[in-house]
Amino acid sequence: MSDPEASVSAPIAQPSVAAAEAGTTRRAAFGVRWRRQLEAVLIPVGAIAVSLILFGVFCFFAGANPLAVYASIDKAAFGSWYSFQNTLVRAAPLMLCALCTAIPFRLGLVVIGNEGAFVIGGLCATIVGLQMPTGSPLTVQIAMALSGMAAGGFWILLVGALKYYRGVNETISSLLMNYIALALLNQAVNSWIKDPSSLNKPSSYPIPDAQMLQPIGGSLVNWGLVFGIVACLITWFLMQKTTFGFQIRVIGGNIRAARLAGLPVGPTIVIACFLAGAAPGLAGMVEVAAVQGSASESLAAGYGYGGVLVAFLARQNAFGCILVSVLLGGLLASGGILQRTHHLPDATTLVFQGIVFLTILYSESLYGRWKFFREGNA
Amino acid sequence: MIKQLLVGMAAGLTVLGAASADDLKLGFIFVGPKDDYGYNQAHAQGETGISGLSGVKTVDEAQVPETVAVEETMRDMITQDSVSVLFPTSFGYFDPHIIKVAKQFPDIQFLHCGGLYAEGKTPKNVGSYFGYIDEAEYICGIVAASTSKTGKIGFIAAKPIPQVLRNINSYALGAQTVNPKISVQVIFTGDWSLPVKEAEAANSLVDQGADVLTCHVDSPKVVVQTAEKRGVYVTGYHANQSAMAPKGYLTGAEWDWTNVYGMYIKLLQSGKTLENGGIPHMFRGGIKDGFVKVSPYGSAVSEQGKAAAEAAKAQFLAGTMIIYKGPISDNKGKVVIPAGTSMDQKDPGLEKMDYLVAGVVGSTQG
C-alpha cells in the first residue's frame, strides 16, 4: 500500500508557459486534487456500503430481516445520545491503540504490538498510582498517565530498536512482545502487587475511588476520548506539517535515500516508535484509572488488536483513525442488539467486522482504476 | 424518510416480540460463546432449561468482554429489554462492573456466579451463587483412580487460584481413597482458554504415562478430544463432553444451573428479593442441593469403580461426607489441616486455598 497523500504530486508546470496557461494548470491542479479527494472518500464509503449489503445477505440466510438489522445497528450505535456515548466510550481506546500501528507504518514498519503496549501501560500506571495513596487526584492521574505513556513507549521503542540495530522483523517481535507483556502482567498481579483479597481473579490493589479519572461532566464518556482525539490530531500535525514528520515519511519511502541525504535514521525510528507506543500506553492507563480500578487480566480485552484493524481501515492516517474508531466503536456497540433483538448467533458481530475489514482491504486495490478520478492530469 | 421507515419496522418487530407485563424477565450474559463445550455452555444450558417455564422470559448476550462492554450490556438489558433480574455469569464481571451498575439500578436484582458478597460493602441488590463442584470432582477422582492402570493421572488447569486448587485437591483426595499411591500430575497453562497449550499439556502428560486426563479450563473440548485421540481415558468438566470421547469418557463434574436458576425463579415469582431477605446473598450448594452432578458413567468404568463412586455419592447426598478432614499435608510435606480438624464446604478457609495436597505433582507457582 502506498501513502495516498505522499503520492499526490501537483503537476509540474512547464517553464515556458504563458501566464494564461499557468492559470489553467493551477485550475487543473485543483481539479486533480479535488478528484483524488473524492476518490479517497467514495471508495471507503462504497466499500462500507458493499459490506453492509453482504452482511444483509448473511443476516437474511441467518433468518433475520436485513432492513430491521440495519435499523438496529443504527439505533444501537448512533441512534440516541445514550447509545452514541457507548460508541464513544468504545472508540476512545481504539483511537489511541490505532496510532501504535499508524505511526510506524509511515516508517515502513508494520507494528502490531498495540495490545502489549496497552497492557504494559496499564500495569505501570497502576504500579505508580499505588505508590501515592495520599496524592491529590490530579497529581496521581498525571503521574499515572506519564508512566503509562513512558512504559508503552519504551515497549514499542524496543521493537523499533531491535529492527534498526539488529534487523529483527518488527511484526514478529511486536506480536511476541504482546505475550511477554501479558506474562509480566500475570506475574505482577500474582505476586508483586497482588491484593490478597482478590482470590479467584488475581488483581492488583485497587486505586482509591477518589483518585480515579471521573467521567466528563455527568456523561458516560471518560477523558480517554479527549486524550484519543488530541493524540490523533497531534500525530496528524506531526506527520504532515513538521520536519520530523517529513523525515519519517522519507525514511518510509526509501531508507537508503534517507541515509544518503544524511537524515538521522536510527534516532528517528526509535523516537517515532516511542511515540507510537506511548499512545496505547496512555489508553491502558485510562482503562485502569477510569474503568477497571485495578490491574488484572481484564486489561487484555483486545483493544490493541482492534487498534491494528482501525489503523489499516483508516489507511494509516491519524485523522482517519478518529473517524474509523467511532465507526468501529459503533459496530462493536451494536453487537449486543443483534443477539438480543434479532437472535442472531453471537459470532455475528465477528462476521460483520470480518466482512467490513475484508471489503475495505479489497477496496485498496481499486485506487487508480477509474479514469474519472485521474482526469485533468494530462 | 427511509430511516424513519426502518425505525418504524424495527419498532413493529419489537412490539410483536414483546412479552406480557407480568412476566419475569431475566437477562443472561456470557463471556465466551454459548457452545464452548464448557463454562459458558453450562450456563447457556441452564438458561435454556428455564426459558420454557411459564411466566418467564429470557434474553441473552454472549462474547461480552469484562470491560465497559458488560456495563453497557447490563444497562441495555435493563432499559431496552425491561429485564428485572440479571445473571452476568463470568467471574470477572463482578468488580468493578456489576458493583457499579448495581448502584445505578437499585431496583434490579444482580445475581452473579462466583462472587463474594461482603455485608455493608457490596450493594444490597447484588447476590452471588456458586456450587461446590469439588464434590463432583472427588467422585470423578474415584472413578479415574479405579480405571487407571498406570497409576498416573494428568490434570490440565488454567491458573493456580483457590477455586482451581480446590478442584485438583478434591480430585486427588478422591483418587487416593481407591489407590493411596496414585499420582496426579498438574500442568498450569496460565489462562482460561489456550487451546494450543492445552493440547501440548495433554500430549506431554500422556507421553509421561498418564492414562486418565482431566482439566479445569473454560472449554475442556481440546483436552477431551486429545485424550480420545491418544487412546486414554478422560473425565470432563463444566458440561457433559461424552459425545466427543465415546470410548474414553469415564464421567465428569457438571454444573446443574437449570436447577439453580429454577430455584431462583421460584423465589422471585413468590415476591422474594435480595433486599427483603427472601433470597440469600450467598447461595451455595453441592451434590445434595442439586448445584452440581456427575455425568453418566462411560462404558470403560468397571462395576467396582461405579460402586465406589456411588458409595461416595450416597455420603454426599446424606450430608455425611467431609472432603477436607485432617490430617492433610501439602506436597511439600507441610501439614495444612492438622489431625482432628475438619473443614466443611462452607469453611471460609477453603476459599483461600493456596496449596496442592500430597500426591499431587506440580507447584502453585504455575
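Residues numbered from 1 in each chain as written. Chains lettered and ligands numbered in written order. Predicted model: local features only at pLDDT ≥ 70, side-chain atom pairs only at ≥ 80, totals over all residues. Heavy atoms only, no water.

Quick word on the pairing of strand β5 (residues 126-131) of chain B
All names here are of chain B.
Working step 1: The element β5 is largely enclosed, with a buried count of six among its six residues.
Working step 2: Both faces of β5 are covered, namely the face carrying Val126, Ser128 and Phe130 and the face carrying Gly127, Tyr129 and Gly131.
Working step 3: Taken together, the four bridges between strand β4 (residues 109-113) and β5 define a ladder with parallel strand orientation. Considered in β5, the bridge of Cys113 is made with Tyr129.
Working step 4: Looking at chain direction, β5 and strand β11 (residues 282-285) are connected through four bridges and run parallel. Note that in β11 the partner of Phe130 across the bridge is Arg284. (Buried < 20%, exposed > 50% of the residue type's maximum accessible area, 1.4 Å probe, protein only. Helix = DSSP H or I, 4+ residues; strand = E, 2+ residues; numbered from the N terminus. Pairing = 2+ DSSP bridges.)

Structural notes on the interface of chain B and chain A
Working step 1: Every contact between the two is made by 39 residues of chain B and, on the other side, 29 residues of chain A.
Working step 2: Between chain B and chain A lies a buried interface of about 3,100 Å² when both sides are counted; carbon and sulfur atoms form 51% of it.
Working step 3: Connecting chain B to chain A are five salt bridges.
Working step 4: The shortest N-O distance in the salt bridge between A:Arg340 and B:Asp81 comes to 2.6 Å.
Working step 5: Elements with a contribution of two residues or more to the side of chain B that touches chain A: α1 (2-17), β2 (56-61), α3 (68-79), α4 (94-104) and α6 (162-178) of chain B.
Working step 6: Classifying every residue of the side of chain B that touches chain A gives 17 nonpolar, seven polar and 15 charged. (Contact = heavy atoms within 4.5 Å. Buried area = accessible area lost by both parts, 1.4 Å probe. Salt bridge = Lys/Arg side-chain N within 4 Å of Asp/Glu carboxyl O. Nonpolar A, V, L, I, M, F, W, Y, C, P; charged D, E, K, R; others polar.)

With respect to helix α5 (residues 114-130) of chain A
Working step 1: End to end, α5(A) covers 24 Å across 17 residues, agreeing with the expected 24 Å (1.5 Å per residue, within 8%).
Working step 2: Here α5(A) lies mainly inside the structure; 13 of its 17 residues are buried. (Expected span 1.5 Å × (residues − 1).)

Notes on the confidence of the model for chain A
Working step 1: A residue-level look at chain A finds 91% of positions with pLDDT of 70 or above and a mean pLDDT of 87.
Working step 2: Taken as a whole, residues 1-17 of chain A scores under 50 in pLDDT and shows 13 contacts with residues more than four places along the chain or in a different chain. (pLDDT = per-residue confidence, 0-100.)

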